[in-house]
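# Structural overview for review
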Amino acid sequence: QVQLVESGGGLVQAGGSLRLSCTASGRTSSSRAVGWFRQAPGKEREFVAATTWTGTVIYGADSVKGRFTISRDGAKNTVYLQMNNLKPEDTAIYYCAAAKPMQVVAGTESAFSSWGQGTQVTVSS
């Protein structure tokens, strides 16, 4: 089992930036990838981005491409989500998740088995 802890959320004005962190502990070697999802009020959880520990990256919604960047630091077992030019529609709870053992990186919830508690991101207009 992998444990995940997110940090870095907060309140920011539109156009601002935030960097989220997700630190993994436990059986981290069992998971090849870590992803970020977000869930806005009244909406379903949405895939944002994922990375393998070896650097393969995929992104989800077109709305974040070019503004969000996922990266990882294997030595720290930490995955980051750099979010620039934030918009009010980016307001959501952001969750990180660890992929199931032997799972290739994918953008669906079913590919992930361990989830963090989430961190709130609020973008004011």
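Structure: above.
These figures come from a predicted structure and were not determined experimentally.

### Structural notes on the sheet that holds strand β7 (residues 68-73)
Strand order in this open sheet of four strands is β1-β3-β8-β7, and the pairing throughout is antiparallel. Each edge of the open sheet is held by one strand with a lone partner, namely β1 (2-7) and β7. Neighbour-to-neighbour, the strand axes of the sheet open up by a mean angle of 20°, direction not taken into account. Bridging between β1 and strand β3 (residues 18-26) involves six bridges; their strand directions are antiparallel. Bridge pairing in β3 places Gln-3 opposite Ser-25.

### Some thoughts on the environment of Met-83
Here Met-83 is to be found in strand β8 (residues 78-83). Residue Met-83 is classed as buried on the basis of its relative accessible area, which comes to 0%. Separated by 64 residues in sequence, Met-83 and Arg-19 have C-alpha atoms that sit 5.9 Å apart. Those residues in contact with Met-83 that sit more than four places away from it in its chain are Gly-16, Ser-17, Leu-18, Leu-20, Arg-67, Phe-68, Tyr-94 and Val-121.

### Concerning the packing of aromatic side chains
Applying the stated criterion across every chain, the model contains four aromatic pairs. Geometrically, the ring pair formed by Phe-37 and Phe-47 is edge-to-face, given 5.4 Å between the ring centres and 65° between the ring planes. Here the residue Phe-37 occupies a position in strand β4 (residues 33-39), and Phe-47 occupies one in strand β5 (residues 46-52), the gap between them amounting to ten residues. For the pair Phe-37 and Phe-47, a shared accessibility class is recorded, and that class is buried. On the basis of an interplanar angle of 55° and a centroid distance of 5.0 Å, the ring pair of Phe-37 and Trp-115 is categorised as tilted. Linking Phe-37 in strand β4 with Trp-115 in strand β10 (residues 112-115), this pair joins segments that are 78 residues apart in sequence. Residue Trp-115 is classed as partly exposed on the basis of its relative accessible area, which comes to 27%. Taken together through their ring pairs, the aromatic side chains of Phe-37, Phe-47, Phe-112 and Trp-115 make up a single cluster. Between Arg-45 and the ring centre of Trp-115, over which it is positioned, the NZ or CZ distance is 3.9 Å.

### Re empty space enclosed by the protein
Overall, the coordinates contain one cavity of 30 Å³ or more when judged by the stated rule. One number sums up the size of the largest cavity: a volume of about 30 Å³. Its residues placed into classes, the lining of the largest cavity shows six nonpolar, two polar and no charged.

### With respect to the pairing of β8
Buried residues dominate β8, accounting for five of its six residues. Bridge analysis of β3 against β8 gives six bridges, and the strand direction is antiparallel. Looking at the pairing, Leu-18 lines up with Met-83 of β8. Inspection of the sheet shows β7 paired to β8 by six bridges, in the antiparallel sense.

Reading guide: rules and limits
Residues numbered from 1 in each chain as written. Predicted model: local features only at pLDDT ≥ 70, side-chain atom pairs only at ≥ 80, totals over all residues. Heavy atoms only, no water. Pairing = 2+ DSSP bridges. Helix = DSSP H or I, 4+ residues; strand = E, 2+ residues; numbered from the N terminus. Axes fitted to C-alpha atoms, helices over the stretch in contact; angles between N-to-C directions. Buried < 20%, exposed > 50% of the residue type's maximum accessible area, 1.4 Å probe, protein only. Contact = heavy atoms within 4.5 Å. Phe/Tyr/Trp six-rings, centres within 6.5 Å; stacked < 30°, edge-to-face > 60°. Lys NZ or Arg CZ within 6 Å of the ring centre and 35° of its normal. 1 Å grid on protein atoms, 1.4 Å probe; cavity = no way out; pocket = protein on both sides within 12 Å on 5 of 7 lines; lining within 4 Å. Points joined across faces, edges and corners; volume = space filled by probe spheres on them. Nonpolar A, V, L, I, M, F, W, Y, C, P; charged D, E, K, R; others polar.

Keep in mind these numbers describe shape, not what the thing actually does.
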